[in-house]
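As a plain string of letters, each chain reads:
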Amino acid sequence: MRNRLTSDLGVYALSGLFSLVVFAVALTILGRTLPGGLGSRQLVGLVFGYLLFIGAYTAAWFIYSEIDSREEI
C-alpha cells in the first residue's frame, strides 16, 4: 500500500483528494462569511470552474498513465 501512495499516480490521487477537501472547506467558509452567503449563481460558477480543473487534472492523470504503460522497460 505504501508503494502505491508514494508512486507518481498515488501522489496524483492524494493531491486531487487534497484539492477536493480544500475546495469544500473554502466553500463552507465563503458560505458562512459572505454577508448574503453564497448565491446560487456564484456557487454554480465556482463548482463549474472546479469541475473544469478536475477534468483537466484527470485527463493529465490518464495521459501520464498511458505514457508510463507504453514505455519499454
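Attention here is on the structure that accompanies the text. It should be emphasised that the depicted structure is a prediction, and the values quoted were computed from it without experimental measurement.

**Things to note about the packing of aromatic side chains**
- Applying the stated rule across the entire model yields four aromatic pairs.
- With centroids separated by 5.8 Å and ring planes inclined at 75°, the aromatic side chains of Tyr12 and Tyr57 adopt a geometry described as edge-to-face. Taken together, the residues span a long stretch of sequence, with Tyr12 in helix H2 (residues 8-33) and Tyr57 in helix H3 (residues 40-70) at a distance of 45 residues.
- Owing to a relative accessible area of 25%, Tyr12 belongs among the partly exposed residues under this scheme.
- Accessibility expressed as a relative area gives 18% for Tyr57, which makes it buried.
- Their ring planes at 35° and their centres at 5.9 Å tell us that Phe53 and Tyr57 sit as a pair that is tilted. Placement of both Phe53 and Tyr57 in helix H3 is noted, with a separation of four residues, approximately one turn of the helix.
- Through pairs of rings, three or more aromatic residues link up here, namely Tyr12, Phe23, Tyr50, Phe53 and Tyr57.

**Quick word on the side chain of Ser19**
- Tracing the backbone shows Ser19 in helix H2.
- The class for Ser19 is buried, based on a relative accessible area of 17%.
- Residues within four places of Ser19 in sequence aside, it is in contact with Tyr50, Phe53 and Ile54.

**Structural notes on H2**
- Given a rise of 1.5 Å per residue, 26 residues ought to cover 38 Å, and the 37 Å separating the end C-alpha atoms of H2 matches this to within 8%.
- Listed as buried for H2 are Gly10, Gly16, Ser19, Phe23 and Leu27.

Criteria and thresholds
- Residues numbered from 1 in each chain as written.
- Predicted model: local features only at pLDDT ≥ 70, side-chain atom pairs only at ≥ 80, totals over all residues.
- Heavy atoms only, no water.
- Phe/Tyr/Trp six-rings, centres within 6.5 Å; stacked < 30°, edge-to-face > 60°.
- Helix = DSSP H or I, 4+ residues; strand = E, 2+ residues; numbered from the N terminus.
- Buried < 20%, exposed > 50% of the residue type's maximum accessible area, 1.4 Å probe, protein only.
- Contact = heavy atoms within 4.5 Å.
- Expected span 1.5 Å × (residues − 1).

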